[in-house]
Amino acid sequence: IDFPLMDRIHWYLSGKDDNIYKVDGENTTGDLNGRIFLEPESSGSSRVVFNLIVPGGAEYSDGFWINVTTINDPPVVAPIEILPVYYGDPYEIDLAPYISDPDTPKELLTLTTSDLQYTSINGFKVTYQYTQDFAGTTVYSTLTVSDGESATLTFIPIKVTADRVP
């Protein structure tokens, strides 16, 4: 639309809830673009009014609702480098520093594996113990971290070796 006074129009929102979202682009003369940024883990509703100011001071307003519904974020597992494991010896790694969840406290997360023959789990500590048959191979341990609603599957590479790891 070619509007001759577009470069002198500006807008703003009234009734905003800064606990739910932030607004960018308000009161920028000549630019009617705006963005709404949600606050992390926010939810709620607010009725806002869009106010358009034109040259000469006339103001046009219209209201609308902003409704934000929280969703569950899945757990996150940071990448883990290949683990050197000597066959026959137990190798324990604490995965707590690698695991997080944006909206669930760590103590409520669970860590499980489907490989119960060579893997045991106690909290976030995982112990691997492979037999000599695996020496010289790389295996991938499959672990699942769950917050009770969502789960994240991760694979940890393990180099089973006949050389003792310092």
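It should be emphasised that the depicted structure is a prediction, and the values quoted were computed from it without experimental measurement.

1. A closer look at the pairing of strand 12 (residues 125-128)
A regular strand carries its side chains on alternate faces of the sheet. Examined bridge by bridge, strand 8 (residues 91-94) and strand 12 share 4 bridges and lie antiparallel to one another. If you follow D94 over to strand 12, its bridge partner there is K125. With 4 bridges connecting them, strand 11 (residues 119-122) and strand 12 associate as antiparallel partners. The residue of strand 12 that forms the bridge with T119 is Y128. The antiparallel pairing of strand 11 with strand 12 creates a hairpin that spans 2 residues between the two strands, and G123 there sits at a positive phi of about 70°.

2. Regarding the sheet that holds strand 14 (residues 151-161)
Reading across the sheet, the 4 strands line up as 7-14-13-10 and stay open at both edges, with mixed pairing between neighbours. Either end of the sheet is taken by a strand with one partner, and the two such strands are strand 7 (83-86) and strand 10 (110-113). Adjacent strand axes in the sheet meet at a mean angle of 40° when their direction is disregarded.

3. Quick look at the packing of aromatic side chains
Here the distance between the centres and the angle between the planes together describe a pair of aromatic rings. Summed over all chains, the structure comprises 6 aromatic pairs. Each ring, one from Y128 and one from Y130, has its centre 6.3 Å from the other, and the planes form 10°; the classification is stacked. Taking relative accessible area as the criterion, Y128 reaches 0% and is therefore assigned buried. Residue Y130 is classed as buried on the basis of its relative accessible area, which comes to 3%. Look at Y130 and F134: their rings are 5.2 Å apart centre to centre, the planes differ by 65°, and that puts the pair in the edge-to-face class. Taken together through their ring pairs, the aromatic side chains of Y118, Y128, Y130 and F134 make up a single cluster.

4. Section: the side chain of D147
In this structure, D147 sits in the loop between strand 13 (138-146) and strand 14. An unpaired buried charge is present at D147: no salt bridge exists, and K106, the closest side chain of opposite charge, is 14 Å distant. One polar contact links the side chain of D147 to the main-chain amide nitrogen of E149, over a distance of 2.8 Å. Within the structure, the side chain of D147 is placed 2.6 Å from the backbone nitrogen of S150, a separation counted as a polar contact. Those residues in contact with D147 that lie beyond four places of it in its chain are N72, D73, P74, P75, D101, D103, T104 and L109.

5. Remarks on the environment of A58
Summarising the element assignment, A58 is placed in the loop between strand 4 (44-53) and strand 5 (59-68). Excluding its chain neighbours within four sequence positions, the residues that come into contact with A58 are L52 and I53.

Reading the values: rules and limits
- Residues numbered from 1 in each chain as written.
- Predicted model: local features only at pLDDT ≥ 70, side-chain atom pairs only at ≥ 80, totals over all residues.
- Heavy atoms only, no water.
- Pairing = 2+ DSSP bridges.
- Helix = DSSP H or I, 4+ residues; strand = E, 2+ residues; numbered from the N terminus.
- Axes fitted to C-alpha atoms, helices over the stretch in contact; angles between N-to-C directions.
- Phe/Tyr/Trp six-rings, centres within 6.5 Å; stacked < 30°, edge-to-face > 60°.
- Buried < 20%, exposed > 50% of the residue type's maximum accessible area, 1.4 Å probe, protein only.
- Lys, Arg positive; Asp, Glu negative; His and termini not counted.
- Salt bridge = Lys/Arg side-chain N within 4 Å of Asp/Glu carboxyl O.
- Polar contact = N/O pair within 3.5 Å; in protein donor to acceptor, adjacent residues only side chain to side chain.
- Contact = heavy atoms within 4.5 Å.

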